[in-house]
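Reading the structure
What follows is the residue order along each chain.
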Amino acid sequence: PLCIQLINPNTSLAMTEVMAATARQVAAPGTAILAVCPSEGAPSIEGHFDEAIAAIGVLQQVKAGRDAGVDGHIIACFGDPGLLAARELARAPVVGIAEAAMHIATLLATRFSIVTTLPRTLTIARHLLHQYGFERHCAALHAIDLPVLSLEDGSGLAQQKVREQCIAAKKFDGSGAIVLGCGGMADLAQELTLELGIPVIDGVSAAVKMIESLAALRLTTSKHGDLDYPLIKPLSGRFENLNMR
Ligand SMILES: NC(=O)NC1=NC(=O)NC1=O
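One numbering rule holds for all chains: residues counted from 1, following each sequence as written. Per-residue local features are limited, in this predicted model, to residues with pLDDT of at least 70; the limit for side-chain atom pairs, both in listing and counting, is 80 or more; totals at the level of whole chains, interfaces and linings are taken over all residues. Side-chain descriptors were evaluated using all non-hydrogen atoms of the structure, hydrogens and water having been removed beforehand.

Moving on, we get to the overall build of the protein. Each helix is a run of DSSP H or I of at least 4 residues and each strand a run of E of at least 2, with the numbering of both proceeding from the N terminus. Helix and strand counts for the protein come out as eight helices and eight strands. Principal-axis analysis of the C-alpha atoms places the extent of the protein at approximately 55 × 35 × 35 Å. Per-residue burial over the protein gives 53% buried out of 245 residues. Within the protein, counting contacts between residues at least 6 apart in sequence, those at least 24 apart form 70% of the total. In the protein, the 19 positive side-chain charges and the 24 negative ones have mean positions that sit 5 Å from each other. Relative accessible area decides the class of each residue, using a 1.4 Å probe on protein chains only: under 20% of the type maximum gives buried, over 50% gives exposed, and in between gives partly exposed. By definition, residues are in contact when any of their heavy atoms lie within 4.5 Å. The charge count includes Lys and Arg as positive and Asp and Glu as negative, but it does not include His or the ends of the chains. Throughout, a charge is located at the NZ atom of Lys, the CZ atom of Arg, the CG atom of Asp or the CD atom of Glu.

Shown next, in the form of structure tokens:
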């Protein structure tokens, strides 16, 4: 049996639960999902500043997961905060939900659109497209212009805005698939796929299946070169618990 650590980099328990439920729905029968979030940090991640703060919490959770012997780690925030640092720390695979969703989209369509939350997070998505080499595959990016936690306020307004943006993206972008640009949208993908008749991809689900595939292939994070374990040095203060034993 596999154990996959699902890390919500923000501290909102409701969003952790939404993502955990979606992950458990798609996980194989033998796969356990260990859903965690940092004990301290940002309640939502909506910019470069928030991502820098969240990255420390991600690293602390990755170290705990590694010490617990998990078979993979998911960074469940669309900015994939701390991804490469986490890969240095981890032995098992580390997959971010943005890269997972983007990879899956490129297997299904020649162009995809992204629908995310606040306009200022569009730049972060563009940076990831460049970093992962998917700029050519992304036809357009859209924001619902609502904050991340509006997805958890129970009003349904954010969910309606996501639906509207997906319909517009299908109609105007020339995209064959849509990537949902927030972990808090994880529970919307299946229904939108059915309603729109095109793949609407949630990165949480995509990441679960990618880690299951990597485990089945017996492949783990390369420890040769820049993703080798961090150099040993005396980390001080709050970072002591990140020391590599
Ligand atoms: N683009 C985003 O909405 N990123 C996110 N911020 C969070 O707190 N979770 C996300 O997925």
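Now that the structure has been shown, the text picks up again.
A few words now on the site of the ligand. Working definition: residue near molecule or strand if any one of its non-hydrogen atoms lies within 4 Å of it. In the vicinity of the ligand, the residues found are N10, S44, I45, C77, F78, T116, T117, T121, V148, G181, C182 and G183. Pairs of N or O atoms within 3.5 Å make up the polar contacts considered here, provided that, within protein, one atom can donate a hydrogen while the other can accept it, and that residues adjacent in sequence are counted only when both atoms are side-chain atoms. I45 is positioned with one of its backbone polar atoms (N or O) 2.6 Å from a nitrogen atom of the ligand. Surface accessibility follows the Shrake-Rupley procedure with a 1.4 Å probe radius. Residue values consider only the protein chains on display as shielding. Alone, the ligand offers 290 Å² of accessible surface; in the complex the protein occludes 97% of this. Each residue is assigned to one of three groups, with Ala, Val, Leu, Ile, Met, Phe, Trp, Tyr, Cys and Pro labelled nonpolar, Asp, Glu, Lys and Arg labelled charged, and all others, Gly among them, labelled polar. Taken together, the residues of the shell around the ligand sort by class into five nonpolar, seven polar and no charged.

Now for helix α1 (residues 13-26). Helix span is expected to be 1.5 Å times the residue number reduced by one. The terminal C-alpha atoms of α1 lie 20 Å apart, and with 14 residues this matches the ideal 20 Å at 1.5 Å per residue to within 8%. Considered for burial, the residues of α1 that qualify are M15, T16, V18, M19, A20, T22 and A23. In this structure, the buried side of α1 is in contact with β1 (2-7), β2 (31-36) and α8 (203-216).

Note on pairing: two strands pair once DSSP finds at least 2 bridges between them. Strand order in the open sheet formed by four strands is β6-β5-β7-β8, with parallel pairing between adjacent strands. One side of each edge strand has no neighbouring strand; the edge strands of this open sheet are β6 (138-143) and β8 (200-201). Lines fitted to C-alpha atoms define the axes here, with helix axes fitted over just the stretch in contact, and angles between the N-to-C directions of these axes take values from 0 to 180 degrees. Against the sheet, helix α6 (residues 157-172) makes contact with β5 (112-116), β6 and β7 (177-180), and its axis sits at roughly 150 degrees relative to β7, the strand it touches most.

A few words on the packing of aromatic side chains. What characterises a pair of aromatic rings is the spacing of the ring centres plus the angle enclosed by the ring planes. Note on ring pairs: Phe, Tyr and Trp rings are taken, using the six-membered ring of Trp, and paired if centres are within 6.5 Å. Classes follow the plane angle, with under 30 degrees stacked, over 60 edge-to-face and the rest tilted. Summed over the entire model, instances satisfying the criterion amount to zero aromatic pairs. Seen from the ring of Y229, K223 lies directly overhead, with NZ or CZ sitting 4.4 Å from the centre. The rule for a charge over a ring is simple: NZ of Lys or CZ of Arg within 6 Å of the ring centre, and within 35 degrees of the ring normal.

Attention now goes to the nonpolar core. Formed by 71 residues in total, the largest nonpolar core has its most connected members in L6, I74, M102, F112, I114, V162 and L180. Looking at this core element by element, the count peaks at six residues for helix α4 (residues 97-108). Setting aside anything within four residues of it in sequence, one finds L180 in contact with F78, V115, V162, C166, M185, L188, A189, L192, V200 and I201. Definition used in this section: a nonpolar core is a set of buried Ala, Val, Leu, Ile, Met, Phe, Trp, Tyr and Cys residues joined via side-chain atoms within 4.5 Å.

The salt bridge criterion pairs a side-chain nitrogen of Lys or Arg with a carboxyl oxygen of Asp or Glu, the two atoms within 4 Å. Under the criterion given, the structure shown has six salt bridges. A salt bridge links E195 to R163; the nearest nitrogen and oxygen atoms lie 2.6 Å apart. Residue E195 is found in helix α7 (residues 189-196), and its partner R163 is found in helix α6; the two are separated by 32 residues along the sequence. When its relative accessible area of 39% is taken as the criterion, E195 is described as partly exposed.

Taken together, the buried positions of helix α5 (residues 120-132) are occupied by T121, L122, I124, A125, L128, L129 and Y132. Considered in projection along α5, the buried side chains sweep an arc of 160 degrees and stay on one side of the axis. Turned more than 90 degrees from where α5 packs its buried face, R120 and H130 sit exposed. Residues of α5 that are buried make contact with α2 (48-68), α3 (83-89), α4, β5 and β6. Directly beyond the C-terminal end of α5, a positive phi value near 80 degrees is found at G133. This arc is built from the directions going out from the helix axis to the C-beta atoms.

Okay, the packing of α4 against α5 next. Where α4 meets α5, the axes come as close as 11 Å, and the angle between the chain directions of the two elements is 65 degrees. Relative to α5, α4 is oriented so that their crossing is right-handed. Between α4 and α5, the residues in contact are A98, E99 and M102 and A125, L128, L129 and Y132, respectively. Put simply, a crossing is left-handed when the front helix is turned counterclockwise from the back one by less than a right angle, and right-handed when it is turned clockwise.

Attention shifts here to the environment of Q60. Looking at the element boundaries, Q60 is found in helix α2. Judged by its relative accessible area of 22%, Q60 falls in the partly exposed class. Discounting chain neighbours no more than four positions away, the residues touching Q60 are R238, N241 and L242.

Distances and angles like these do not, on their own, reveal function.
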